Amino acid sequence: MKKSKFLSVVGIASLAAALLVGGCSQSSTQQGDKVELYMGYTSDPPTKKKMEEIIAKFEQSHPHIKIKTVTAPYEDFYQKLTTQIAAGNAPDIWQSDGTKVFGFAQRGAIRDITDYVTKEVNKDEVLGVEFNKDASGKYWGVPQGIQVGALFYNKDLFDKAGVAYPTADWTWDDLKAAAAKLTLDASGKNADDPAFDKNAVKQYGFTFFGSSRGAFNIMKAYGGGVLDPTMTQSIIDSPENKKAVEWMADGMKRKLFPNPAELKAFQSNFKVFLSGATAMQIDIYAATTSMNGAGLNYDVAPMPKGPDGKRFAPVIANSWVINKKAEEQKVKAAQEWITYWTTSDEAQKEWAEVGEAIPVKKSVANSEMFLNPSIKPDNKKVFLNSLDFAGTIDTNAVFAEWLKVVTDNLAELFMDKMSVDDYISKTDQGVQKVLDDFFKKQ
């Protein structure tokens, strides 16, 4: 998933040069007993510096492997990677956004690493391994860093309204009831007040948008979703999804949640919570960095339960994946790097210091270093506990395409340009068309 707050602009020219070198290294680069491994990853200055330090320590303990890297901000990196995959000279191993792993697999770009995972990766110690397993039982990556969703809430806004903080017992209806008390108009009246002015909202109760921060989570909690386990069939046309969409549409009509037009007024969807204009928001662990930087007095709670007690948290397991075309000695070197990354306490602790993701080594994630109560949020354990009911956001090779159908139609619904029934029907058909256009040609 894109994490723009962690990215900085890096020149395309330097990236292209690095990729050119990497392209040359795709041929045999074994020098004596030494293997040159070409690695790609996204970065900003802090993460680039830390990754270089970790790589240097790996090379010291693995003198037979020399790692050559290519890195850039998110958009630049994946744009160039797409070109390199098509040309057949992509990195031997790269850090994949968790939303892209299955897409790379379905497009034949990465290696099936089931044998390595089942024999060499300790699933009791490495978090999130199962999130890279497809419906047929094949593993396509090993987690590099975990993002999991939770309910973020502004403690100051709750305190001012006299509303109790969210708890693990909350349902989505409990959230909506609290949101009504936390939604204020220009005169300070909340949405439960008969005199509340829906045309002059100055503070919203709850904000959701996008994929991991959006409607998908509510649909899943209600027992619905977007795709079936094979990721090839739409399941949007269901009673469960209809109830979830009705819940969302009702909140929009009551102005408890900002609609797409109102979100645009903030210039960035993230600014609504960061500016104190909404009391609650779904977000992932990575958001804690910007929230801490903004000085917000906030904490996190588990995602609310659906009508039948089902709870769902979105997870994005950013992962190391191996190029399907990588030479065998490079595959082995890549596996050594992955093993080091997932088992080294030092590497995991150093990467955790960047604040980019939840450490994938379970013992480090549960350590005082990561759960440090002196750094917000206080209740970091929520992220770890949420992995028990977390799931992927139905990502596949055409994730971006079907997500656009879902979100474009939601915008129409939330702007009162479409009924709930029309949304369900039109979106189900639109998503299935996207799926068929890709998978029936494979």
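Conventions and cut-offs
- Residues numbered from 1 in each chain as written.
- Predicted model: local features only at pLDDT ≥ 70, side-chain atom pairs only at ≥ 80, totals over all residues.
- Heavy atoms only, no water.
- Helix = DSSP H or I, 4+ residues; strand = E, 2+ residues; numbered from the N terminus.
- Buried < 20%, exposed > 50% of the residue type's maximum accessible area, 1.4 Å probe, protein only.
- Contact = heavy atoms within 4.5 Å.
- Areas by Shrake-Rupley, 256 points an atom, 1.4 Å probe, with all protein chains shown as cover.
- Lys, Arg positive; Asp, Glu negative; His and termini not counted.
- Charge placed at Lys NZ, Arg CZ, Asp CG, Glu CD.
- Polar contact = N/O pair within 3.5 Å; in protein donor to acceptor, adjacent residues only side chain to side chain.
- Domains from an automatic or database assignment.
- Buried area = accessible area lost by both parts, 1.4 Å probe.
- Salt bridge = Lys/Arg side-chain N within 4 Å of Asp/Glu carboxyl O.
- Expected span 1.5 Å × (residues − 1).
- Phe/Tyr/Trp six-rings, centres within 6.5 Å; stacked < 30°, edge-to-face > 60°.
- Lys NZ or Arg CZ within 6 Å of the ring centre and 35° of its normal.

## Overview of the overall build of the chain
Then, number 1: A tally of regular secondary structure across the chain gives 19 helices and 10 strands.
Then, number 2: Each of the three principal axes of the chain carries a C-alpha extent, and together these read 80 × 50 × 40 Å.
Then, number 3: Here the chain holds 442 residues, and 56% of them are scored as buried.
Then, number 4: Within the chain, contacts between residues separated by at least 24 positions form 73% of all contacts whose residues are at least 6 apart in sequence.
Then, number 5: If you sum the accessible surface of the chain, you get close to 18000 Å²; carbon and sulfur atoms cover 50% of it.
Then, number 6: Across the chain, the 53 positively charged side chains and the 56 negatively charged ones have centroids separated by 2 Å.

## Describing the side chain of Gln95
Then, number 1: Position of Gln95 relative to the elements: it lies in strand β3 (residues 93–96).
Then, number 2: A distance of 3.2 Å separates the side chain of Gln95 from the backbone nitrogen of Thr42, its partner in a polar contact.

## Re the domain arrangement of the chain
Then, number 1: For the chain, the assigned domains are domain 1 (35–146 + 316–378) and domain 2 (149–315 + 393–439).
Then, number 2: Between the C-alpha centres of domain 1 and domain 2 the distance comes to 30 Å.
Then, number 3: Taken residue by residue, the interface counts 20 residues in domain 1 and 25 residues in domain 2.
Then, number 4: When domain 1 packs against domain 2, close to 1700 Å² is buried across both sides, 59% of that on carbon and sulfur atoms.
Then, number 5: The largest contributions to the domain 1 side of the interface with domain 2 come from Gln106, Ile316 and Lys376, which together make up 33% of the buried area.
Then, number 6: Seen at the junction of domain 1 and domain 2, the total is one salt bridge.
Then, number 7: As a salt-bridge pair, Lys155 and Asp378 come within 3.7 Å of each other at their nearest N and O atoms.
Then, number 8: Run the count over domain 1 and domain 2 and you get six residue pairs in polar contact (both at pLDDT 80 or more).
Then, number 9: Breaking the side of domain 1 that touches domain 2 down by element, the ones donating at least two residues are α4 (101–106) and β9 (313–322).

## Remarks on unusual backbone geometry
One can expect most non-glycine residues to show negative phi and most peptide bonds to be in trans.
Then, number 1: Cis geometry is adopted by the peptide bond preceding Pro377, which originates at Lys376 and carries an omega value of 0°.
Then, number 2: Checked against the element boundaries, Pro377 lands in the loop between α16 (368–371) and α17 (381–386).
Then, number 3: Positioned with a positive phi, Lys255 is a non-glycine residue whose angle comes to about 65°.
Then, number 4: Inspection of the secondary structure assignment puts Lys255 in the loop between α9 (239–253) and α10 (260–264).
Then, number 5: Residue Asp394 is not a glycine yet carries a positive backbone phi of 55°.
Then, number 6: Positionally, Asp394 belongs in the loop between β10 (390–391) and α18 (399–414).
Then, number 7: The exposure class assigned to Asp394 is buried, which follows from its relative accessible area of 4%.

## A closer look at α9
Then, number 1: Helix length check: α9, at 15 residues, gives a terminal C-alpha distance of 21 Å against a target of 21 Å (1.5 Å per residue), a fit within 8%.
Then, number 2: Turning to α9, its buried residues number three or more, namely Asn241, Ala244, Val245, Trp247, Met248, Ala249, Gly251 and Met252.
Then, number 3: Considering only its buried residues, α9 is in contact with α7 (172–182), α8 (215–221), α18 and α19 (420–439).
Then, number 4: One or two steps after α9, the chain reaches Lys255, where phi turns positive at roughly 65°.

## So, the packing of aromatic side chains
Then, number 1: Enumeration over the complete set of coordinates arrives at 28 aromatic pairs.
Then, number 2: Centroid distance Trp172 to Trp247: 5.4 Å. Interplanar angle 80°. Geometry classified as edge-to-face. Of this pair, Trp172 sits in helix α7 while Trp247 sits in helix α9, placing them 75 residues apart in sequence.
Then, number 3: Taking 5.4 Å as the distance between ring centres and 90° as the angle between the ring planes, the aromatic pair formed by Phe209 and Phe270 counts as edge-to-face. You can see Phe209 sitting in the loop between β6 (201–203) and α8 and its partner Phe270 sitting in the loop between α10 and α11 (271–274), a full 61 residues away along the chain.
Then, number 4: Across the ring face of Tyr78, the terminal group of Lys100 is positioned such that the distance to the ring centre comes to 4.9 Å.
Then, number 5: For Arg311, the ring lying beneath its charged end belongs to Phe389, and the centroid distance is 5.3 Å.

## A few points about the pattern of salt bridges
Then, number 1: Inspection of the entire model under this criterion finds 23 salt bridges.
Then, number 2: A salt bridge links Glu53 to Lys49, with the shortest nitrogen-to-oxygen separation between them at 2.7 Å. Residue Glu53 and its partner Lys49 are both found in helix α2 (residues 45–61); the two are separated by four residues, about one turn of the helix.
Then, number 3: Residue Glu53 is classed as partly exposed on the basis of its relative accessible area, which comes to 29%.
Then, number 4: Through salt bridges with shared partners, one network takes in Lys49, Lys50, Glu53, Lys57, Glu346, Glu350 and Glu353.

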